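# Coordinate inspection notes
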Amino acid sequence: MSSSEKIKNNIIYNTADVATGFFYWQNKLKEVIYHAINIEGLIDNLDKEFLLDTLIIDGYCILLDNFDFLNGDIGNLGFFRGGLTGVNMYLKPTKVTYTAPTVKGATRDIGKGCEVIYTSPLKYYNKQPLIKLINRYARQLADIDSSINIAVVNTRLTDNFSASDTAIAESLKTYIKEVRAGRFAVITDTPIFENVKKLPQSSPANLNSLYELRDYLLKAFYREIGLNLAFNKKERLITDELTGDDQLLKFNIDTIIDSINESFKICNATFGLNLKATFNYNITSDFEEKSDNKKKGDEVDEG
């Protein structure tokens, strides 16, 4: 296989391939949440990346001490993925079952050298971890990207054709394939022109509207997780609208941070730690439009 073919197979994917775009956006949106949350007070063997990834995917993460490595060593403290088992009269879990590649899996009692960190005030009752929110937007964004890619490719060929027989149809397919691939193509057989009819074709999707829709979805995602980014708006915003918007965003992000910190309080008391979650107000994103690029019409009315 040539180097160009390897590049094509690894980088260039079908314009209608929504799955590839979905995983791109899933990772991108996970990174946004990761960079939005600071974790303070971590000690050796307490990994921030693993903690946040587990909280995003499962909605909770297990913290326990005195666990057994496969090589016979005893671990001090560690974050784990696992299942919540055993219930009391209120259907709250009483045990966890955990495992890891280098650790002996086991079951432990919650509250006895074992605590659980949650991202929702509903804790164990919450069945909607952040990954479900991420996946919902990742799918929509991937669909839009696919539509944009298809619209761009379709601008290379603005006509549909009707052929009188199979042989001519195959020749037209080859011609269209070359044009769509961005290469010049020429039809050399005169009979083809005599046996081909042009058919009317609807206008390709408006690229500007697709890009605006993608920005709208990104802003909607940011709102749900509590990030207020500078996207262009056609209408002017009044001060009261901005104030209400900021209060809503503050509530959303504070809910996530407060839930983690409520769990950290228990962990700190159990293990003698000083863990704390804070919001990174200096966060920037590839999706954010810088304020110095905004148009004058996007300025906020003061009166």
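To keep things clear, this report deals only with the structure shown in the data block. (Residues numbered from 1 in each chain as written. Predicted model: local features only at pLDDT ≥ 70, side-chain atom pairs only at ≥ 80, totals over all residues. Heavy atoms only, no water.)

## Quick notes on the pairing of strand β4 (residues 93-100)
- With six bridges joining them, strand β3 (residues 74-87) and β4 adopt antiparallel strand pairing. Following the sheet pairing, Thr-85 is matched in β4 by Lys-95.
- Hairpin remark: β3 followed by β4, antiparallel, with five residues in the connecting loop; positive phi at Leu-91, about 65 degrees.
- Pairing analysis gives five bridges linking β4 to strand β5 (residues 103-109), with the strands arranged antiparallel. (Pairing = 2+ DSSP bridges. Helix = DSSP H or I, 4+ residues; strand = E, 2+ residues; numbered from the N terminus.)

## Focus on the packing of aromatic side chains
- Under the defined criterion, the tally for this structure stands at ten aromatic pairs.
- When the ring of Phe-22 is compared with that of Phe-23, the centres are 5.2 Å apart and the planes differ by 75 degrees; the resulting orientation is edge-to-face.
- Accessibility expressed as a relative area gives 17% for Phe-22, which makes it buried.
- The exposure class of Phe-23 is partly exposed, given its relative accessible area of 48%.
- Ring centres of Tyr-118 and Tyr-124 lie 5.6 Å apart, and the angle between their planes is 85 degrees; this geometry places the pair in the edge-to-face category. (Phe/Tyr/Trp six-rings, centres within 6.5 Å; stacked < 30°, edge-to-face > 60°. Buried < 20%, exposed > 50% of the residue type's maximum accessible area, 1.4 Å probe, protein only.)

## Let's talk about the sheet that holds β5
- The sheet built from five strands is open, its strands ordered β5-β4-β3-β2-β6 with antiparallel pairing. Two strands lie at the open edges of the sheet, namely β5 and β6 (114-118), each paired on one side alone. If you compare each strand with its neighbour and ignore which way they point, the axes differ by 35 degrees on average.
- This element, helix α3 (residues 48-58), spans β2 (60-68), β3 and β6 of the sheet and lies at about 10 degrees to β3. (Axes fitted to C-alpha atoms, helices over the stretch in contact; angles between N-to-C directions. Contact = heavy atoms within 4.5 Å.)

## A word on the side chain of Thr-278
- Structurally, Thr-278 is set in strand β9 (residues 276-279).
- Residues contacting Thr-278, with those up to four places away along its chain left out, are Ala-36, Ile-37, Asn-38, Glu-40 and Ile-257.

## Re helix α2 (residues 18-36)
- Relative to the 27 Å expected for 19 residues at 1.5 Å per residue, α2 spans 27 Å between its end C-alpha atoms, a close match to the ideal helical length.
- All of the buried residues along α2 are Val-18, Gly-21, Phe-22, Trp-25, Gln-26, Lys-28, Leu-29, Lys-30, Val-32, Ile-33 and Ala-36. (Expected span 1.5 Å × (residues − 1).)

## Some words on unusual backbone geometry
- Positive phi, normally seen in glycine, also occurs at Asn-66, with a value near 50 degrees.
- Looking at the secondary structure, you find Asn-66 in strand β2.
- Within the chain, Leu-91 stands out as a residue other than glycine whose phi angle is a positive 65 degrees.
- With respect to the element layout, Leu-91 can be found in the loop between β3 and β4.

## Let's talk about α3
- Looking at α3, one finds that the buried residues are Leu-51, Leu-52, Thr-54, Leu-55 and Ile-56.
- A side-chain oxygen of the first residue of α3 lies 3.1 Å from the backbone nitrogen of Glu-49; this N-cap is Asp-47. (Polar contact = N/O pair within 3.5 Å; in protein donor to acceptor, adjacent residues only side chain to side chain.)

## Quick word on the packing of α2 against α3
- Where α2 meets α3, the closest approach of the two axes is 10 Å, and the angle between their N-to-C directions is 120 degrees. Taken together, the axes of α2 and α3 lie oblique to each other. Judged by the twist between their axes, the crossing of α2 over α3 is right-handed. On α3, the residues that touch Lys-30, Ile-33 and Tyr-34 of α2 are Lys-48, Glu-49, Leu-52, Asp-53, Ile-56 and Ile-57.
- Split by residue class, the contact of α2 with α3 holds five nonpolar, no polar and four charged. (Parallel < 35°, antiparallel > 145°, perpendicular 65-115°, else oblique. Left-handed = near helix turned anticlockwise from the far one by under 90°. Nonpolar A, V, L, I, M, F, W, Y, C, P; charged D, E, K, R; others polar.)

## Quick notes on the pattern of salt bridges
- In total, this model carries nine salt bridges according to the counting rule given.
- Of the charged contacts, one joins Asp-145 and Arg-214 as a salt bridge, the two residues approaching to 3.0 Å between their closest N and O atoms. Here Asp-145, found in helix α4 (residues 130-154), pairs with Arg-214, found in helix α7 (residues 207-225); they are 69 residues apart in sequence, far enough to count as distant.
- Classification of Asp-145 by relative accessible area gives buried; the value is 14%.
- In this structure, a network of salt bridges that share partners links the residues Lys-30, Asp-53, Asp-58 and Arg-81. (Salt bridge = Lys/Arg side-chain N within 4 Å of Asp/Glu carboxyl O.)

## Comments concerning a nonpolar patch on the surface
- Together, Val-87, Met-89, Tyr-90, Leu-91, Leu-122 and Tyr-125 line one region of the surface with nonpolar side chains, adding up to about 720 Å² of accessible area.
- A residue is classified by how much of its surface remains accessible, and Leu-91, at 61% relative accessible area, is exposed. (Patch = residues over 30% accessible without salt bridge, like charges linked within 9 Å, V, L, I, M, F, W, Y side chains within 5 Å. Areas by Shrake-Rupley, 256 points an atom, 1.4 Å probe, with all protein chains shown as cover.)

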